[in-house]
Amino acid sequence: MRMLIAEDEHFVRERMEKGIAWDEHGIEVVDAVGNGRAAMEILQKEHLDLVLTDIRMPDMNGLELARELHQRYPHIKIIILTGYDDFEYARESIDYKVYKYLVKPVANELLLEAVLELKKLHETELWERHQLTLLEQRWQEQLPQLRESMYKNWLNGQYALWELEKRCRDLNISIKQGPLWPLVFDMDPIQAGNTRFHEQDRPLVQFSLLTIAREVFMELDPIILQDDDGMTVVILFGSHTQEESGSWQSQAHQHIQTLLATVKDCLKLTASVGLGPVTDDTLMLPHAYKQSKQALQERIVLGNETIVQFRDPSSFNASLMFVQDIEKELEMAIETGNEAAIMALSEKIIESRFANGASAMEAKEAIFRMVCFLGKIVHSHGWFMSDALGKDYARFEQYPSLLTREQVLEWFRQLSFSISSTIAQRKQTGTQLMLKEIVQFIHEHIHEEELSLYLVADRLYVNYSYLSRIFKKLIGESFSEYVLKLRMEKAKELLATGQLVYDTAAQVGFRHVNYFSKVFMKYWGVKPSEIKH
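Not measured: the values here are computed from a predicted model.

**Description of the sheet that holds strand 6 (residues 180-187)**
Picture the strands of a sheet paired through backbone hydrogen bonds; they go either parallel or antiparallel. Sheet architecture is open: five strands sit in the order 7-8-6-9-10, paired in mixed fashion. The outermost strands of the open sheet, each flanked by one partner alone, are strand 7 (223-226) and strand 10 (307-309). If you compare each strand with its neighbour and ignore which way they point, the axes differ by 20° on average. As paired elements, strand 7 and strand 8 (residues 232-237) share four bridges and run antiparallel to each other. Residue Leu-225 lies in a different strand from strand 8, and its bridge partner there is Val-233. Helix 8 (residues 202-216) rests against strand 6, strand 7, strand 8 and strand 9 (271-275) of the sheet, and its axis sits at about 140° to strand 6. Across the sheet, helix 10 (residues 285-296) lies against strand 6, strand 8, strand 9 and strand 10, angled at about 35° from strand 6, the strand it touches most.

**A short note on the pattern of salt bridges**
Applying the stated criterion across every chain, the model contains 28 salt bridges. For the salt bridge of Glu-481 with Lys-18, the shortest nitrogen-to-oxygen distance reads 2.0 Å. A residue pair is termed long-range when its members are at least 10 positions apart, and Glu-481 in helix 20 (residues 479-496) and Lys-18 in helix 1 (residues 10-18) qualify at 463 residues. For Lys-18, a relative accessible area of 36% gives the class partly exposed. As a salt-bridge pair, Lys-376 and Glu-331 come within 3.4 Å of each other at their nearest N and O atoms. Of the two residues, Lys-376 is situated in helix 14 (residues 360-380) and Glu-331 in helix 12 (residues 319-336); the sequence distance between them amounts to 45 residues. Here Glu-331 falls in the partly exposed class, since its relative accessible area comes to 22%. In this structure, a network of salt bridges that share partners links the residues Glu-7, Glu-9, Asp-54, Lys-104 and Lys-522.

**Remarks on the sheet that holds strand 4 (residues 77-82)**
The sheet built from five strands is open, its strands ordered 2-1-3-4-5 with parallel pairing. Across the chains shown, the open sheet's two edge strands, defined by having one partner strand only, are strand 2 (28-33) and strand 5 (100-103). With strand direction ignored, the average angle separating the axes of adjacent strands in the sheet is 15°. Of the strands in this sheet, strand 1 (2-6), strand 3 (50-54) and strand 4 touch helix 3 (residues 62-72), which is tilted by about 160° from strand 3.

**Some words on the packing of helix 17 (residues 405-444) against helix 19 (residues 464-475)**
One way to put it is that helix 17 packs onto helix 19 with a least axis distance of 11 Å and a crossing angle of 90°. The orientation of helix 17 with respect to helix 19, classified from their angle, is roughly perpendicular. Across the interface between the two elements, Gln-428, Thr-431, Met-434, Leu-435, Ile-438 and Ile-442 from helix 17 touch Tyr-466, Leu-467, Ile-470, Phe-471, Leu-474 and Ile-475 from helix 19. Looking at side-chain class alone, the contact of helix 17 with helix 19 contains ten nonpolar, two polar and no charged residues.

**Focus: the pairing of strand 9**
Side chains on a regular strand alternate between the two faces of the sheet. Counting buried positions along strand 9 gives five out of five residues, so the element sits mostly inside the fold. Burial along strand 9 is two-sided: Ala-271, Val-273 and Leu-275 and Ser-272 and Gly-274, pointing in opposite directions, are all buried. As defined by bridge partners, strand 6 adjoins strand 9 across five bridges and the pair is classed as antiparallel. Paired with Phe-185 across the strands is Val-273, a residue of strand 9. Strand direction decides the pairing type here: strand 9 and strand 10, joined by three bridges, are parallel.

Parameters and conventions
- Residues numbered from 1 in each chain as written.
- Predicted model: local features only at pLDDT ≥ 70, side-chain atom pairs only at ≥ 80, totals over all residues.
- Heavy atoms only, no water.
- Pairing = 2+ DSSP bridges.
- Helix = DSSP H or I, 4+ residues; strand = E, 2+ residues; numbered from the N terminus.
- Axes fitted to C-alpha atoms, helices over the stretch in contact; angles between N-to-C directions.
- Contact = heavy atoms within 4.5 Å.
- Salt bridge = Lys/Arg side-chain N within 4 Å of Asp/Glu carboxyl O.
- Buried < 20%, exposed > 50% of the residue type's maximum accessible area, 1.4 Å probe, protein only.
- Parallel < 35°, antiparallel > 145°, perpendicular 65-115°, else oblique.
- Nonpolar A, V, L, I, M, F, W, Y, C, P; charged D, E, K, R; others polar.

In structure tokens, the structure reads:
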């Protein structure tokens, strides 16, 4: 639940914001402001569930704020803090659906109890608004599209093994154990002079092919989808036993023949199919799928209405696919500065590529792949290798002279650390430049009463929540605390030069002199008029 605190007394506001561990109870304090107007500014940009407001505040008091909330944001719950003298006055706000009234001073325990009670009510209302059955219905409606998207990403090699397993769990997909066989079907070109279909009808006939394939292969319980090129992909699941293996592949060939014949009978057109290799490894499916599409390209030689089995006389090194999986994890570790993961994954890559029996040629290929891997990460940021590596660029150029496995590991690991460090430093530099702009903006607008974190975020095109976190992390205090400190220090300086209290208040962002005097007294312990010059 997201909460906003509106309280004009600085120290009371600070106690309510920081004196209770709200986050431990699932409550996020979006901000703590000093009047109703500032609260309304935040409400225009942030989603809130609860407003905790004092009844007496300058510019817009708690009752006025409650009325605005009731009219414009009826879903927001309201808790009003009031003194004994104002209690009956506060009860007039019952028409604004104020949830609770707490008499000041209110103990932290009582305040937390009231907020948690409201949180429970809020969650109940949310649950009733979004009933489980409705959510399940919507989930089921979206599930086919989500699954198809997952299958496409799988075929295109987008997942590491753990990602694939997680997606399957999330989407309640059970990948059958055993051989996988990808088949790729495509409609042959529509011949000129066809009176039923024209070339612009190709997407239509490709979709018809998909529909027919689902009917023909239904009993084999395959995965069937249309890829990004409009081709129909059928993924069949087989058996490990020799007898059953021959049986299911023979059955698959019968269905292939049936599909091609059905297309010809129904559409009076022809289709062809490319048959990739059977694989036992889920991560090898993308490679087998690619080979199916390569086989299908042979119809340019063999002609239409063909069944083409992929045949490649060259050997395929499955370890490259394994390394690619690890590389994805290592890239994430480098980007996020996870040194422990960089240590472990870089060693894992070396172990897989420099195992016993690896030839010198294979070792050179492995080093070249590492060079390309590091270059890809650096170039994705728009940098040159020399910029990203700095003094370590000389080390990078040493890759042709590496002689031992240990040298390669040390070389690869140090360069990974260097690139990761550069990424972190440039992120930090960007943040510091942004902070410099923020501080400059604050000093230039310190005289404006409307100065707020929302105003800064809006003017500098920065996300409010991110800005709030970064500001406190780097400055050491919240935005409101920092601005108050600047205003009070400047006010004291101006008063010490003999400037009138009224003029001083205006120059540090206070429209009302009485309110300025009250804040000044709380901050410095003396009245503005008591500052000697």
